[in-house]
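Now for the letters of each chain:
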Amino acid sequence: MINALGQPQRILLIGGTSDIGLAIVSKLATRDTEVVLAGRHLDALHAAGAHLGDAVRAIDVVQLDVADTASHAHVLGEQFSRDIDVVILAAGVLPEQGQAMADPHSAVESLAVNGFGAASLTLLSHQLLAKQGHGQLVLLSTVAAARPRPSNFIYGAGKVMLDFLGQGLVESPDPRVNVLLVRPGFVHTKMTVGMPAAPFSVSAARVADCVAQWSASARRSRVIWVPSLLANVSRVLTMLPLAVLKRLDR
Amino acid sequence: MWSPQMGWGRTAPSVSRVIKPLDVAGIEAAVMSGSAVIARGLGRSYGDAAQNAGGAVLDLATLNSIAWGEAGIVTVGAGLCLRDLINDAVPRGWFVPVTPGTSWVTIGGAIAADVHGKNHHRDGSFGAHVLRIGIVDGRGDRLDLTPSDERFWATIGGMGLTGIIIDATVQMIPIPGRHMTVSTRRTADFDSTVEALMSADSARYSVAWLDSLATGAACGRGIVTFGEHSSDAGAGKGDAVAAPRISAPEIFPDQLLNRRTVAAFNSLWFRLAPSHRDGQRQSLAEFFHPLDAVAHWNRVYGTRGFLQYQCVVPAGELEILRRIFTRFVDAQVPSFLTVLKRFGAASNAPLSFPIPGWTLTLDIPTDVPGLPAILAAADDLVTHAGGRLYLAKDSRMPARLMPLMYPRLGQWQAIRDAMDPNGVFTSDLGSRLGLLRPGRG
Ligand SMILES: Cc1cc2nc3c(=O)[nH]c(=O)nc-3n(C[C@H](O)[C@H](O)[C@H](O)COP(=O)(O)OP(=O)(O)OC[C@H]3O[C@@H](n4cnc5c(N)ncnc54)[C@H](O)[C@@H]3O)c2cc1C
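Chains are numbered independently. Their residues run from 1 in the order of the written sequence. All chains are assigned letters beginning at A, and all ligands numbers beginning at 1, according to the order in which they are written. Local features in this predicted model are restricted to residues whose pLDDT is 70 or higher, and side-chain atom pairs enter the listing and the counts only when it is 80 or higher, whereas totals over whole chains, interfaces and linings include all residues. Side-chain measures were taken over the full set of non-hydrogen atoms in the model, leaving aside hydrogen atoms and water.

Participant: In this structure, what is going on with the overall build of chain B? I would like to understand it.
Facilitator: Strands here are runs of E lasting at least two residues and helices are runs of H or I lasting at least four, both read from the DSSP assignment and numbered beginning at the N terminus. Within chain B, the secondary structure is distributed over 13 helices and 21 strands. On the principal axes, the C-alpha backbone points of chain B span a range of 60 × 55 × 45 Å. Looking at chain B as a whole, 60% of its 441 residues qualify as buried. For chain B, the proportion of contacts with a sequence separation of at least 24, taken over those separated by at least 6, is 75%. Side chains of chain B give 41 positive and 39 negative charges; the mean places of these two sets differ by 4 Å. Relative accessibility thresholds used throughout: buried, under 20% of the residue-type maximum; exposed, over 50%; partly exposed, between the two (1.4 Å probe, protein chains only). By definition, residues are in contact when any of their heavy atoms lie within 4.5 Å. Two residue types count as positive, namely Lys and Arg, and two as negative, namely Asp and Glu; His and chain ends fall outside the count. In this description, the location of a charge corresponds to atom NZ of lysine, CZ of arginine, CG of aspartate or CD of glutamate.

Participant: Sorry, what's going on with the interface of chain B and chain A here?
Facilitator: One widely used convention gives an interface's size as the accessible area the parts lose upon coming together. Taken together, the contact between chain B and chain A spans 29 residues of the former and 19 residues of the latter. For the pair chain B and chain A, the summed buried area comes to about 1,900 Å², and 57% of that belongs to carbon and sulfur atoms. It is Trp 2, Arg 400 and Arg 432 of chain B in chain B that bury the most area against chain A; as a group they hold 24% of the surface buried on that side. Asp 32 of chain A is the salt-bridge partner of Arg 400 of chain B, the closest N and O atoms lying 2.4 Å from each other. N or O atoms closer than or at 3.5 Å make up a polar contact, with two conditions inside protein: a donor-capable atom paired with an acceptor-capable one, and, for residues adjacent in sequence, both atoms drawn from side chains. Inspection of the chain B/chain A interface yields four residue pairs in polar contact (both at pLDDT 80 or more). Secondary structure elements with two or more residues in the side of chain B that touches chain A: helix 10 (371–384) and helix 13 (428–432) of chain B. Broken down by element, the side of chain B that touches chain A gets its largest block of residues, five residues, from helix 10 of chain B. By the convention adopted, Pro, Cys, Tyr, Trp, Phe, Met, Ile, Leu, Val and Ala count as nonpolar, Lys, Arg, Asp and Glu as charged, and the other residues, Gly among them, as polar. Considering only residue class, the side of chain B that touches chain A consists of 13 nonpolar, eight polar and eight charged. A 1.4 Å probe defines the accessible area here, and the buried area is the portion of it lost by two parts on being joined, summed over both. The salt bridge definition used is simple: a Lys or Arg side-chain nitrogen within 4 Å of an Asp or Glu carboxyl oxygen.

Participant: When you look at the sheet that holds strand 6 (residues 178–184) of chain A in this model, what are you seeing that I'm missing?
Facilitator: By definition, the strands of a sheet pair up through backbone hydrogen bonds, in either a parallel or an antiparallel sense. Residues and elements named next belong to chain A. Here, any two strands with at least 2 DSSP bridges between them count as paired. Within the open sheet, the seven strands sit side by side as 3-2-1-4-5-6-9. Their pairing is parallel. Only two strands of the sheet have a single neighbouring strand rather than two, namely strand 3 (58–63) and strand 9 (222–226). Each strand axis lies, on average, 15 degrees off the axis of its neighbour in the sheet, ignoring direction. As defined by bridge partners, strand 2 (residues 34–39) adjoins strand 3 across six bridges and the pair is classed as parallel. Paired with Ala 38 across the bridge in strand 3 is Val 62. Strands strand 4 (86–89), strand 5 (136–140), strand 6 and strand 9 of the sheet are contacted by helix 6 (residues 153–171), whose axis makes an angle of about 140 degrees with strand 6. All axes here are fitted lines through C-alpha atoms, helices being fitted over the stretch that makes contact, and every angle between N-to-C directions spans 0 to 180 degrees.

Participant: Would you mind showing me how to read the site of the ligand here?
Facilitator: All names here are of chain B. We call a residue near a molecule or strand when any one of its heavy atoms sits within 4 Å of it. In the vicinity of the ligand, 34 residues are found, and the nearest of them are Ala 39, Arg 44, Ser 45, Thr 106 and Tyr 390. Measuring from an oxygen atom of the ligand, one finds a backbone N or O atom of Gly 41 at 2.7 Å. At 2.6 Å, a side-chain N or O of Ser 45 approaches an oxygen atom of the ligand. The Shrake-Rupley method, run with a 1.4 Å probe, gives the accessible areas here. Residue values count only the displayed protein chains as cover. Coverage of the ligand by the protein amounts to 96% of the 970 Å² it exposes when considered alone. For the shell around the ligand, the secondary structure elements donating two or more residues are strand 3 (37–40), helix 3 (107–112) and strand 10 (164–171). Grouping the amino acids of the shell around the ligand by side-chain chemistry returns 20 nonpolar, eleven polar and three charged. Note that the domain bounds reflect an automated or database-derived domain assignment. Summarising the domain contributions, the shell around the ligand has at least three residues from each of domain 1 (66–175) and domain 2 (179–231 + 246–399).

Participant: Quick question: what am I supposed to make of the environment of Val 87 of chain A here?
Facilitator: Residue and element names in this part refer to chain A. As for its placement among the helices and strands, Val 87 is situated in strand 4. Between the alpha carbons of Val 87 and Ser 110 there is a distance of 22 Å; along the sequence they are 23 residues apart. Sequence-distant contacts of Val 87, that is, excluding residues within four places in its chain, are made with Leu 12, Ile 14, Phe 80, Ser 125, Leu 129, Gln 136, Leu 137 and Val 138.

Participant: It is not clear to me how the side chain of His 120 of chain B should be interpreted in this structure. Could you clarify?
Facilitator: Mapped onto the elements, His 120 of chain B comes out in helix 4 (residues 120–123). When neighbours within four sequence positions are excluded, His 120 of chain B is seen to be in contact with Ser 125, Lys 341, Phe 343, Gly 344, Ala 345 and Pro 354 of chain B.

Participant: Can you walk me through the domain arrangement of chain B in this structure?
Facilitator: All names here are of chain B. The domains assigned to chain B are domain 1 (66–175) and domain 2 (179–231 + 246–399). Using C-alpha coordinates to define each centre, domain 1 is positioned 25 Å away from domain 2. Listed as interface residues are 29 residues of domain 1 and, on the opposing side, 31 residues of domain 2. The contact between domain 1 and domain 2 buries some 2,500 Å² in all, and 58% of this surface belongs to carbon and sulfur atoms. Between the two partners, domain 1 and domain 2, sit two salt bridges. The shortest N-O distance in the salt bridge between Arg 204 and Asp 123 comes to 2.9 Å.

Participant: Help me understand helix 8 (residues 230–239) of chain A, please; the structure alone is not making it clear to me.
Facilitator: Residues lying three or four places apart along an α-helix face the same way, a consequence of the helix completing one turn every 3.6 residues. All names here are of chain A. Every buried residue of helix 8 is listed here: Leu 230, Ala 231, Ser 234 and Leu 237. Projection of helix 8 onto a plane perpendicular to its axis shows the buried side chains occupying an angular sector of 115 degrees, all on one side. With respect to the buried face of helix 8, the exposed residues turned more than 90 degrees away are Arg 235 and Met 239. Directions are taken from the helix axis to each C-beta atom, and the arc is the one they span.

Participant: Can you walk me through the sheet that holds strand 18 (residues 306–314) of chain B in this structure?
Facilitator: Residues and elements named next belong to chain B. Spatially, eight strands are ordered 16-12-14-13-19-20-18-21 in an open sheet, and the strand pairing comes out antiparallel. Edge positions in the sheet fall to strand 16 (276–283) and strand 21 (388–389), since each of these pairs with one other strand and no more. Of the strand pairs in this sheet, strand 13 (residues 205–210) and strand 14 (residues 222–230) are connected by six bridges, and their pairing is antiparallel. Counterpart to Tyr 205 in the pairing with strand 14 is Gly 227. Where helix 6 (residues 190–199) meets the sheet, its contacts fall on strand 12 (179–187), strand 13, strand 14, strand 19 (338–343) and strand 20 (357–365), and the angle it forms with strand 19 comes to roughly 45 degrees.

Participant: Help me understand helix 6 of chain A, please; the structure alone is not making it clear to me.
Facilitator: Residue and element names in this part refer to chain A. Take the number of residues in a helix, subtract one, and multiply by 1.5 Å to get its expected span. Its 19 residues place the ends of helix 6 25 Å apart at the C-alpha level, agreeing with the 27 Å of an ideal helix rising 1.5 Å per residue. At Lys 159, helix 6 is bent by approximately 30 degrees, the largest bend along its length. Of the surrounding secondary structure, the elements contacted by the buried residues of helix 6 are strand 4, helix 4 (97–102), helix 5 (104–132), strand 5, strand 6 and strand 9. Think of it this way: the bend at a residue is just the angle between two axes, each fitted to seven residues, one set ending at that residue and the other starting at it.

Participant: Any chance you could explain the pairing of strand 4 of chain A here in plain terms?
Facilitator: Looking along a regular strand, one sees the side chains alternate between the two faces of the sheet. Residue and element names in this part refer to chain A. The alternating pattern of strand 4 places Val 86 and Ile 88 on one face and Val 87 and Leu 89 on the opposite face, and all of these are buried. Note: strand 1 (residues 10–14) against strand 4, four bridges, orientation parallel. Directly across from Leu 12, in strand 4, lies its bridge partner Val 87. Where strand 4 lies against strand 5, four bridges are found, and the strand directions are parallel. Pairing of Val 87 across the sheet is with Leu 137, part of strand 5.

Participant: Explain the nonpolar core to me, please; I cannot follow it from the model alone.
Facilitator: In globular proteins that are soluble, nonpolar side chains generally tend to be buried together. Among buried residues, those of type Ala, Val, Leu, Ile, Met, Phe, Trp, Tyr and Cys that are joined through side-chain atoms within 4.5 Å constitute a nonpolar core. The biggest cluster of nonpolar side chains holds 108 residues, and the ones touching the most others in it are Phe 95, Phe 126, Phe 328 and Ile 364 of chain B. Here the element with the most residues in this core is helix 9 (residues 318–330) of chain B; it accounts for seven residues. Here this core spans two domains, since at least three of its residues come from each of domain 1 (66–175) and domain 2 (179–231 + 246–399) of chain B. Not counting residues up to four positions away in its chain, the partners in contact with Phe 126 of chain B are Leu 82, Val 98, Ile 107, Ala 110, Ile 111, Asp 114, Val 115 and Val 170 of chain B. Formed by 35 residues, the second largest nonpolar core is a distinct cluster that contains Leu 22, Ala 48, Val 211 and Trp 214 of chain A.

Structural data, given as structure tokens:
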């Protein structure tokens, strides 16, 4: 149960090694919060957990393959045997655009994670939170889902599915579940290391701040852009002629 | 179908279905419906005690009967508002044995929180004056419980988690009239406030207001009042506790109550008080429920809401209480409702809050910078002293402190589980503090 100071008691991070996800967890958690990190590689999850260290009350790790949608109901169902106050969905892969174009099979594999896998986890988490009667669902989308860009539209294609579902949940809210759909710009993380920073890039900590601000007094579902200026930029982007976009896109 | 519920502090809302049973059969049906339920009175607990996320809350306003017996013994419906009972009783020469600082509470809420008043040092808490309660337990069975039954004591202070209280038989106290004779002492610092309270021990009612922002030599200065019931030679008629005169609108800006405004209020309040006055006549409402004059005054705190921190430490731990208070002062936490009071003997109820000692209460806006750490430090001191926090006020304490603060928690849980084997009764407070059976949502 989230208390009067907006402090959650139990958080589930799906994509338990995600830099943004962990930044959000650090921001939301207190020394009385239990954190569950779900992801594919237990070793990496343990390492991520060690990083959170003593800042939280307890850390649990659980194996979850985002692409294996058939397993989701069981894994999440087990975690929901006790209340979960916040579910953060931060799982995703960033396919290299050129390589993905050259190898459609690998492109589809990324879609299985960023698209179908994320969709399955979104809908299941939402359902379980509603059944529990309360909770927050934080979905990490991206500005790349707003408009196909030459440099990353395969990544964007997967995220579109998550983004669309998230928008739907925000716009037809269940009063028991508060959904936050977050659309960050380019975020400096280990996933993007070595890539040239696009305009409007932000740090994971900045994204976490915005999520925490919403979470502390969440009374309704919302879509947010980080930085907030991106809301307007994306409106322009979607209307931009392709020729101009290509020049902007290096 | 889903309706948002909040406590008086207007923090952490959750949604529930609201059921308004018309009679006891309706309550039994709600308990047997398969949904998790909790009783809700007038929502005057500060936190999430009368909330039930995703479940049902039972509004028992229709259970408002009053049936007088001999010698001030009255049987009342659990949904009856305390002010209605007072207004019915006073013309007959009786008064409620215990009243909290507001009359807007139900009998059910007064029992479930085992509320205390300014007379705790003399008369104990509400449950001490209850002769019998009727409840519907988790099997949908109707039970009549008396003080010889451990289920009675599990229900007193049990925060609604042992069953739905439907009615109660209460021993009222005789009063000579509808007035109070009040004495006031303005005190210069913490020590003299404590001393004034101790010397007022023989008074039936006593309490101290503290200036939470006065520092240095003035730290802990306050206004101690004590009172006795008195006759009303020459007084007019009318309800003993009248309806609110004004209502606070919904439009207060956030952070209206900040260090500056509260400091200004506190010193004004302090200066306006007489330094030494005896024999002042006050109405019952003025003495017991001054805040009730403004309906919805909780809106003054804006959209972020506020919380009340109420702790008690054993009588021998006054020094720790002083440290707790001084820390709030040092942090300049703006509280304009800061109260110090002596508690007398504890109740037999495992979850009843009062223990013999000192209780300190502060009203605090939730957006005070650094508040979580300030409160966590206070929690540590309270626990260290063998004290506890009041569940009816709590909205944020960590679950791990529960068994430390309430050593009889396990005993209470065992009785509770027997009364509610299927886990029908749940509340946000119950799940937040781990009062429910593990593994249940
Ligand atoms: C301005 C103000 C001053 C206050 N001063 C004091 C004070 O001096 N001393 C003090 O002790 N308290 C004080 N309180 C707290 C208040 O007395 C308690 O929180 C009380 O329980 C509120 O009663 P309610 O009817 O509003 O109950 P609610 O807040 O609606 O519910 C409180 C608890 O009672 C349970 N409950 C209610 N009805 C039933 C029922 N029929 N059967 C079973 N369980 C039930 C609920 O489940 C919940 O757990 C104050 C509160 C305010 C707002």
